[in-house]
Amino acid sequence: GDSVTQMEGPVTLSEEAFLTINCTYTATGYPSLFWYVQYPGEGLQLLLKATKADDKGSNKGFEATYRKETTSFHLEKGSVQVSDSAVYFCALSKGNSGGSNYKLTFGKGTLLTVNP
Amino acid sequence: EAQVTQNPRYLITVTGKKLTVTCSQNMNHEYMSWYRQDPGLGLRQIYYSMNVEVTDKGDVPEGYKVSRKEKRNFPLILESPSPNQTSLYFCASRIYSGELFFGEGSRLTVL
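Residues numbered from 1 in each chain as written. Chains lettered and ligands numbered in written order. Predicted model: local features only at pLDDT ≥ 70, side-chain atom pairs only at ≥ 80, totals over all residues. Heavy atoms only, no water.

A. Geometry of the sheet that holds strand β3 (residues 19-21) of chain A. Residue and element names in this part refer to chain A. Read across the open sheet, the four strands follow the order β3-β9-β8-β7; overall the sheet is antiparallel. If you trace the sheet from one side to the other, it starts and ends with β3 and β7 (56-59), each paired once. Between one strand and the next, the sheet's axes are offset by a mean angle of 15 degrees, whatever the strand orientation. Where strand β8 (residues 62-65) lies against strand β9 (residues 75-77), three bridges are found, and the strand directions are antiparallel. In the sheet register, F62 faces β9, and the bridge partner there is K77. (Pairing = 2+ DSSP bridges. Helix = DSSP H or I, 4+ residues; strand = E, 2+ residues; numbered from the N terminus. Axes fitted to C-alpha atoms, helices over the stretch in contact; angles between N-to-C directions.)

Structural data, given as C-alpha cells:
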C-alpha cells in the first residue's frame, strides 16, 4: 500500500538556520503531496502542496518540490524562526475526484524546535 | 469564519463507558473524516463520509462507529471504549477537489 517516510526528529535548530526535512513516498499512480504543520495544542494546517511532478509548493518561506524520479518531497526553509517550532507532517493523497475517499496517508511527523 | 469544531477537546473516561465526540463544520462540505494521531504512528484514518447517509471504514475502524444524518455533523462514537483507544482524534472536512480542513483535536484518555 501507499506509505510516507519522513526523517525522524526531533530537529533542533538555531534561529536563522537552514531547514531540511526529508520526505519520501511509495505509491502507485500519481499522488498529490502535502506538508501539514501542527503548532502546539492546535490542529493540522496545510502548509503547502504539489499535485504533479516537478511542481514546487511554497508558503511562508517554506518550499518543497515534487520529485517523481526520487519519489521525494523534501521541505526546506532558508532561515527558520522561533515561531516555526511545530510538528511537520508529510502526506500524500490519490483520491481527488468526487467519487473517491480523499484519504491522506501521513508520515510519522517531525518535531522542529527553533531556539533564539 | 470557516471552521471544524470538535467537542470535547479533552476527556478522561473509564473502560466501557460509551462516549461520543462531536464534529461540526460550517463550510457546507460534502466530505468528512476522522483520524487518530498516536506517537510514532502519525495520523491514521478511522472512518469517512462522502455525504449524508454515506459512510465507510478507513484504515483503523475497529471499536468505532459514525453517523452522518446531517451534512454539517459527523460524530464519532465509542460504544465501549478501551485503553488502546487513548489517542488524539481529529475531524476533517473538505469540498470535492478542495483542501482538507482539520479541527483542533480531541484528546481522549481511557482508564
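B. Region of the structure containing the packing of aromatic side chains. What the rule picks out here adds up to 12 aromatic pairs over all chains. On the basis of an interplanar angle of 90 degrees and a centroid distance of 5.7 Å, the ring pair of F106 of chain A and Y35 of chain B is categorised as edge-to-face. Of the two residues, F106 of chain A sits in strand β11 (residues 105-106) while Y35 of chain B sits in strand β4 (residues 31-38), which places them in two different chains. (Phe/Tyr/Trp six-rings, centres within 6.5 Å; stacked < 30°, edge-to-face > 60°.)

C. The pairing of strand β1 (residues 3-6) of chain A, seen in detail. Residue and element names in this part refer to chain A. Side chains of β1 alternate between two faces, with V4 and Q6 buried and S3 and T5 left unburied. Of the pairings in the sheet, the one linking β1 to strand β4 (residues 23-26) comprises four bridges and is antiparallel in character. Counted as the bridge partner of S3 is T26 from β4. (Buried < 20%, exposed > 50% of the residue type's maximum accessible area, 1.4 Å probe, protein only.)

D. How the structure looks around the nonpolar core. One finds W35, L47, L48, F73, L75 and Y88 of chain A to be the most contacted residues of the largest nonpolar core, which totals 26 residues. Those elements that provide at least two residues to this core are β2 (11-14), β3, β4, β5 (32-38), β6 (44-50), β8, β10 (86-93) and β12 (110-115) of chain A. Residue contributions to this core peak at four residues, all from β10 of chain A. Residues contacting L48 of chain A, with those up to four places away along its chain left out, are L33, F34, W35, G57, S58, N59, F62, E63, A64, F73 and L75 of chain A. Residues M27, M32, I46 and Y64 of chain B belong to the second largest nonpolar core, which totals 19 residues. (Core = buried A, V, L, I, M, F, W, Y, C linked by side-chain atoms within 4.5 Å. Contact = heavy atoms within 4.5 Å.)

E. Region of the structure containing the interface of chain B and chain A. Contact with chain B, which involves 23 residues of that partner, is made by 20 residues of chain A. A combined buried area of about 1,700 Å² lies between chain B and chain A, and 54% of that area is made up of carbon and sulfur atoms. Interface area lost by chain B to chain A is led by L43, R94 and F102 of chain B, which between them contribute 25%. At the boundary of chain B and chain A, one finds zero salt bridges. Remark: the boundary between chain B and chain A carries four residue pairs in polar contact (both at pLDDT 80 or more). Of all the secondary-structure elements, those providing two or more residues to the side of chain B that touches chain A are β4, β5 (42-51) and β9 (87-94) of chain B. Residues belonging to the side of chain B that touches chain A are distributed by class as follows: 11 nonpolar, seven polar and five charged. (Buried area = accessible area lost by both parts, 1.4 Å probe. Salt bridge = Lys/Arg side-chain N within 4 Å of Asp/Glu carboxyl O. Polar contact = N/O pair within 3.5 Å; in protein donor to acceptor, adjacent residues only side chain to side chain. Nonpolar A, V, L, I, M, F, W, Y, C, P; charged D, E, K, R; others polar.)

F. Examining the pattern of salt bridges more closely. Scanning all chains against the criterion turns up eight salt bridges over all chains. The closest approach of N and O atoms between K52 of chain A and D55 of chain A, which form a salt bridge, is 3.3 Å. K18 of chain B is the salt-bridge partner of E79 of chain B, the closest N and O atoms lying 3.9 Å from each other. Taken together, the residues span a long stretch of sequence, with E79 of chain B in the loop between β8 (76-78) and β9 and K18 of chain B in the loop between β2 (10-13) and β3 (19-25) at a distance of 61 residues. Classification of E79 of chain B as partly exposed rests on a relative accessible area of 35%. Through salt bridges with shared partners, one network takes in K18, K65 and E79 of chain B.

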